[in-house]
Every structure is written in structure tokens, then in C-alpha cells.
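Residue-level structural notes
For reference, the chains in residue letters:
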Amino acid sequence: MSDDGEDSSVPESLEVESAIAPPLINCPNCDGLLPLGLGEKTCALCGAVSRIEHEATRKEWSEERVACPSCSKVLVCGVGDRPATVECSSCTNQFTINSKVVKVEISCPACERRLRLKPRPGSREISCPACEESFKVTF
Ligand SMILES: [Zn+2]
Ligand SMILES: [Zn+2]
Ligand SMILES: [Zn+2]
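This text gives an overview of the structure that appears in the document. (Residues numbered from 1 in each chain as written. Chains lettered and ligands numbered in written order. Predicted model: local features only at pLDDT ≥ 70, side-chain atom pairs only at ≥ 80, totals over all residues.)

Notes on the overall build of the protein chain
- The secondary structure content of the protein chain amounts to one helix and eleven strands.
- Along the protein chain, helices and strands appear, N-terminal first, in the series β-β-β-α-β-β-β-β-β-β-β-β.
- If you line up the protein chain on its principal axes, its C-alpha atoms span 70 × 35 × 25 Å.
- Relative to its full complement of 139 residues, the protein chain shows a buried share of 11%.
- Of the contacts made within the protein chain by residues no fewer than 6 positions apart, 31% connect residues no fewer than 24 positions apart. (Helix = DSSP H or I, 4+ residues; strand = E, 2+ residues; numbered from the N terminus. Buried ≥ 20, exposed ≤ 12 C-beta atoms within 10 Å, placed from the backbone. Contact = placed C-beta atoms within 7 Å.)

Take a look at the structure:
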């Protein structure tokens, strides 16, 4: 009797978050915030396409040390891009190193409390958790 009736052999996707954030770049056309990352990016506000290159970030990405989420061995990533898929030299599992999620600090115009937000291109209205004042932020 064969015993291969298990279909749960699909490996879960293993992911880790990179510790190195790419720089925040503004659109040369409209000065809005461009989507995070390197390579070709389309401005969410004006549609202009920019090519973002940042040697220092590529180098740091490629030299970044990450712990394998499966066996905890520390590896040098070796890939100057995010997300990056790498194979662990110890347990041969593949895993993905995602971009770091960057947050920026702003202060509430009413109570000056510092708030941390994920920068997203464009304007949006947020309300301060401390004083409930609503205000608009633009990146
Ligand atoms: Zn733009
Ligand atoms: Zn491993
Ligand atoms: Zn406030």
C-alpha cells in the first residue's frame, strides 16, 4: 500500500523582514512620495515613471545577514534586491526576505503628540489617537 495520500507537503512560505530600508524618494515630476523600493517606480499621484537606484542600499541589502526562519542559521543574503528569495545553505529551505516596512514620525498639529505612520503616497486624513483631532497628511 502506498502512503502518499498526504497533500499537506506544500511548504509554508517562509518570510523574514529585512532590517534595511530603502530611501524615501520624492517624484521629480510632482514631488509626491514614490512607492518604496528600488528599480522602476510609477508615481501614484502623477503617473510619471522614475528609475530609482541607490548603490548604498543595494550593497547593504546584498551584505545583509539574516537568520533562516527554518533552522536559524545566519546567512549573508547575497541579493541586492528586495524582496529576495534565498536558499539556506544549511537546511536548503527557500525563504523570502521582504522589504522593511518604514514608518515616519509626524506630530499632531493639535496636541503635538508624535505619531508613527506608514508613508503612503498622496494625502489622507488621519485622526490623532490622543486628542481625536482629524488632520490631513501628505507624503
Ligand atoms: Zn509624481
Ligand atoms: Zn535553514
Ligand atoms: Zn493630537
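Quick notes on the sheet that holds strand E1 (residues 15-17)
- If you walk across this open sheet you meet the three strands as E1-E7-E6, and the pairing is mixed. Looking at strand neighbours, the two that pair on one side only are E1 and strand E6 (84-87), the edges of this open sheet. Going from strand to strand, the sheet's axes swing by 30° on average, the running direction of each strand aside.
- Pairing of E1 with strand E7 (residues 94-98) involves three bridges; the strand directions are parallel. Its bridge partner being in E7, Glu-17 is matched across the sheet by Asn-98. (Pairing = 2+ DSSP bridges. Axes fitted to C-alpha atoms, helices over the stretch in contact; angles between N-to-C directions.)

Side note on unusual backbone geometry
- With an omega of -5°, the peptide bond running from Arg-82 to Pro-83 counts as cis.
- The phi angle at Ser-72 is positive, at roughly 70°, despite the residue not being glycine.
- Within the secondary structure layout, Ser-72 lies in the loop between strand E4 (65-67) and strand E5 (74-76).
- Its 10 C-beta neighbours within 10 Å are what place Ser-72 among the exposed residues.
- Unusually for a residue other than glycine, Glu-112 sits at a positive phi of about 65°.
- Tracing the chain through its elements places Glu-112 in the loop between strand E8 (104-107) and strand E9 (114-117).
- Take Glu-112: there are 10 C-beta atoms within 10 Å of it, and that puts it in the exposed class.

Comments concerning the pairing of strand E3 (residues 49-52)
- Relative to E3, strand E2 (residues 39-42) runs antiparallel, the two sharing four bridges. Bridged to Glu-40 within E3 is Arg-51.
- Counted along the chain from E2 to the antiparallel partner E3, the turn is six residues long, and its residue Gly-47 has a positive phi close to 80°.

Thoughts on the environment of Arg-51
- Mapped onto the elements of the fold, Arg-51 is located in strand E3.
- As for Arg-51 and Gly-39, which are separated by twelve residues in sequence, their C-alpha atoms are 5.4 Å apart.

Description of the pairing of E8
- Sheet analysis places E8 next to E9, joined by four bridges and oriented antiparallel. Each residue of the ladder has a partner; that of Ser-107, found in E9, is Arg-114.
- Hairpin connection of E8 to E9: six residues between the antiparallel strands, including Glu-112 at a positive phi of 65°.

Concerning the environment of Cys-46
- Looking at the secondary structure, you find Cys-46 in the loop between E2 and E3.
- Judged by C-beta crowding, with 12 C-beta atoms within 10 Å, Cys-46 ranks as exposed.
- When the C-alpha positions of Cys-46 and Cys-27 are compared, they lie 8.7 Å apart, and in sequence the two are 19 residues distant.
- Other than its neighbours up to four places away in sequence, Cys-46 contacts Cys-27, Asn-29, Cys-30 and Gly-32.

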